[in-house]
Amino acid sequence: MADSMGMLGTVINSLALQDALRVAKVPARVLSAISMQRICDTYAQRRAVRHLDDGEVVILAAGTGNPYFTTDTAAALRAKEIGAEVMLKATKVDGVYDRDPAKHPDARRFERISYMEVLGRGLQVMDSTATSLCKDNDLPIIVFDMRTRGNIRRVVSGEPIGTLVNNETSAQ
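Given the structure is predicted, the values throughout are model-derived calculations rather than measurements.

**Remarks on the overall build of the protein**
Each helix and strand in the protein was counted, giving 6 helices and 9 strands. For 172 residues, the compact-globule estimate of 2.2 N^0.38 gives 16 Å, and the protein sits close to it at 16 Å. Along the first, second and third principal axes, the C-alpha set of the protein runs to 50 × 35 × 30 Å. Expressed as a percentage of its 172 residues, the buried residues of the protein come to 35%.

Here it is as structure tokens:
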């Protein structure tokens, strides 16, 4: 039951984001892995790609529609399905650290780190399934602080913020 409630929560958040984007005159569409025909369209790969090709922001909700899969794994799967160039992980920290910066003030942030280093060190960037899926498909991940005003615009514009996770060895 908790998984279903979590998936429904992502739909509510997605609808709020869609509304905010539309107020800003940005065309947006919510696609849900759970059928909710009166609220939003059901996710289908071709439908998502078509909306992207039409210049719409596509917001994918309800994870995979299955229990036991995190939203991170769903995001990695959907990113691969729609041919995304990068996965953006908006979170409450400004990148990937060698340990929890909330508990360790001397924690060191990485500018770049490999998937294997993330997995090997047990860093909590995303769950290991999501990280492995990105690794296996060479889908870079950018981890950045969503609470810093302007960061979404910065990362979408290609400005180097946060931490890049990819197949290259870390620079640090």
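**Brief notes about the pattern of salt bridges**
According to the stated counting rule, one finds 10 salt bridges in the structure shown. Ionic pairing is found between R29 and D41, a salt bridge with its closest N-O pair at 3.4 Å. With R29 in strand β1 (residues 28-32) and D41 in strand β2 (residues 41-42), the pair connects residues that are 12 residues apart, well separated along the chain. Assessed through its relative accessible area of 26%, R29 is described here as partly exposed. Of the residues examined, D41 reaches a relative accessible area of 29% and is grouped as partly exposed.

**Regarding the side chain of T163**
For T163, the location among the structural elements is in strand β9 (residues 163-166). In terms of polar contacts, T163 uses its side chain to reach the backbone amide nitrogen of V96, at 2.8 Å. A distance of 2.4 Å separates a polar side-chain atom of T163 from the backbone oxygen of F110. In this structure, T163 is in contact with D94, G95, V96, R109, F110, E111, R112, I113, I141, I142 and V143, ignoring residues within four places of it in sequence.

**Focus on the packing of helix α3 (residues 71-82) against helix α5 (residues 128-136)**
Where α3 meets α5, the closest approach of the two axes is 7 Å, and the angle between their N-to-C directions is 15 degrees. As the angle between them shows, α3 and α5 are arranged roughly parallel. α5 is crossed by α3, and the crossing has left-handed handedness. Taking contact as the criterion, the partners of D72, T73, A76 and L77 in α3 are, on α5, T129, A130, L133 and C134. Residue classes in the contact of α3 with α5 are distributed as 5 nonpolar, 2 polar and 1 charged.

**Structural notes on unusual backbone geometry**
Even without being a glycine, K25 presents a positive backbone phi close to 65 degrees. Along the polypeptide, K25 turns up in the loop between α1 (2-23) and β1. By relative accessible area, K25 is classed as exposed at 73%.

**A closer look at a nonpolar patch on the surface**
Taken together, the side chains of V86, L88, I152 and V156 present a nonpolar region at the surface, about 330 Å² in accessible area. Mapped onto the elements, L88 comes out in strand β4 (residues 87-91).

Rules of the game
Residues numbered from 1 in each chain as written. Predicted model: local features only at pLDDT ≥ 70, side-chain atom pairs only at ≥ 80, totals over all residues. Heavy atoms only, no water. Helix = DSSP H or I, 4+ residues; strand = E, 2+ residues; numbered from the N terminus. Rg over C-alpha atoms; globule rule 2.2 N^0.38 Å. Buried < 20%, exposed > 50% of the residue type's maximum accessible area, 1.4 Å probe, protein only. Salt bridge = Lys/Arg side-chain N within 4 Å of Asp/Glu carboxyl O. Polar contact = N/O pair within 3.5 Å; in protein donor to acceptor, adjacent residues only side chain to side chain. Contact = heavy atoms within 4.5 Å. Axes fitted to C-alpha atoms, helices over the stretch in contact; angles between N-to-C directions. Parallel < 35°, antiparallel > 145°, perpendicular 65-115°, else oblique. Left-handed = near helix turned anticlockwise from the far one by under 90°. Nonpolar A, V, L, I, M, F, W, Y, C, P; charged D, E, K, R; others polar. Patch = residues over 30% accessible without salt bridge, like charges linked within 9 Å, V, L, I, M, F, W, Y side chains within 5 Å. Areas by Shrake-Rupley, 256 points an atom, 1.4 Å probe, with all protein chains shown as cover.

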